[in-house]
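Architecture and fold: a report
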Amino acid sequence: GLGDPDIEHMLSRVARLHRDDIGVLVGFNEPMARRIIAGSDFTLMPSRFEPCGLTQMQAQRYGALPIAHATGGLVDTIEDGVTGFLFSELSYDGLMVACARAFDTFDDAEQIGCMRRAAMARRFTWAEPAVEYAQLYGRLTGSVVAVETTRTLVPALAAAEVGRSHVRARSRVAAEQALEVVPA
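Calculation rules
Residues numbered from 1 in each chain as written. Predicted model: local features only at pLDDT ≥ 70, side-chain atom pairs only at ≥ 80, totals over all residues. Heavy atoms only, no water. Helix = DSSP H or I, 4+ residues; strand = E, 2+ residues; numbered from the N terminus. Buried < 20%, exposed > 50% of the residue type's maximum accessible area, 1.4 Å probe, protein only. Core = buried A, V, L, I, M, F, W, Y, C linked by side-chain atoms within 4.5 Å. Contact = heavy atoms within 4.5 Å. Pairing = 2+ DSSP bridges. Axes fitted to C-alpha atoms, helices over the stretch in contact; angles between N-to-C directions. Polar contact = N/O pair within 3.5 Å; in protein donor to acceptor, adjacent residues only side chain to side chain. Salt bridge = Lys/Arg side-chain N within 4 Å of Asp/Glu carboxyl O.

Remarks on the environment of Ala102
Within the fold, Ala102 resides in helix H5 (residues 92-106). Of the residues examined, Ala102 reaches a relative accessible area of 0% and is grouped as buried. Along the backbone, Ala102 and Phe42 are 60 residues apart, and their C-alpha atoms lie at a distance of 8.1 Å.

As C-alpha cells, this is what we get:
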C-alpha cells in the first residue's frame, strides 16, 4: 500500500540494486496481494496502530504466519506462538526478536506445521460477535433478542478446491443468510 514516500523511495532503490532478491510494489492490487500472501512463509506487520485489518486474517488462512506488532486488532486476531508472532516493543530490536522467533520456529518442521494448521483452522466469522452484540443490546434496552446462526461463512481455503468465483458467490450468500436477529 501507499506509505511514507521516503521509505518507498528507499525500498525502490534497494530493490533496483538487488533485483534478484527484492521486489517492491507500491500501491495496492488485491489479486497480487493474495498471491504474495499465499506464497509466503510469514507476513510482516509492524503497524503502529491497526483498528482491525484483514491481512493478518488472510495470512493465517494461507498459513503465512503473521509477525506483528502487538496493537489493536492484531492482538485480537493473532495468538502469539500459536497462530503467529507478536512483539510489544515497536522498535528495531522488538521486530528482530520476533523475526528470530519466527525463523527458529521455521527450522522446526513439526512446530511450524502445528502453528500453520492452527492458523489455517481459525475462523473469523460474525457468529460469536453477533451473539455478544445481541446480548449487550438486550441488556441495554431491556428486551430479549434471539440470535440464530443458520450457516457459517465459507472458509477462504475452500477457494483452492471449488474455484474462487464460486466461493465468493457462496460467501456472499452465506454472509447474508448467516444471521437472523429476531426481536422478542
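Overview of the nonpolar core
Within the largest apolar cluster, 12 residues are counted, these being Phe42, Leu65, Ile67, Phe85, Phe87, Leu95, Ala98, Cys99, Ala102, Ile112, Met115 and Ala119. If one sorts the elements of this core by residue count, H5 sits on top with 4 residues. In this structure, Ile112 is in contact with Phe42, Leu65, Thr105 and Phe106, ignoring residues within four places of it in sequence. Core analysis: the second largest hydrophobic core is formed by 5 residues, Met45, Ala68, Leu74 and Leu86 among them.

With respect to the sheet that holds strand E1 (residues 42-45)
Spatial strand order, E1-E2-E3: 3 strands in an open sheet with parallel pairing. Looking at the sheet topology across the chains shown, the edges are occupied by E1 and strand E3 (85-87). Averaged over all pairs of adjacent strands, the angle between strand axes in this sheet comes to 10°, irrespective of strand direction. In this sheet, strand E2 (residues 65-69) lies alongside E1 in parallel orientation, the contact comprising 4 bridges. Considered in E2, the bridge of Leu44 is made with Ile67.

What to know about the side chain of Thr105
Within the fold, Thr105 resides in helix H5. The class for Thr105 is buried, based on a relative accessible area of 5%. Here Arg101 takes part through its backbone oxygen, which lies 2.9 Å from a polar atom of the side chain of Thr105. With sequence-adjacent residues up to four places away left out, Thr105 is seen in contact with Phe85, Gln111, Ile112 and Met115.

Digging into the environment of Ser40
Considering the arrangement of structural elements, one finds Ser40 in the loop between helix H2 (30-38) and E1. Separated by 23 residues in the primary sequence, Ser40 and Gly63 place their C-alpha atoms 8.2 Å from one another. Here the side chain of Ser40 touches Ile36 through a polar contact of 2.5 Å, landing on its backbone oxygen.

Here's the deal with the pattern of salt bridges
Within this structure, the stated rule accounts for 3 salt bridges. We note a salt bridge from Glu30 to Arg34, for which the minimum N-O separation is 2.9 Å. Here the residue Glu30 and the residue Arg34 both occupy positions in helix H2, the gap between them amounting to 4 residues, near one helical turn. For Glu30, a relative accessible area of 31% gives the class partly exposed.

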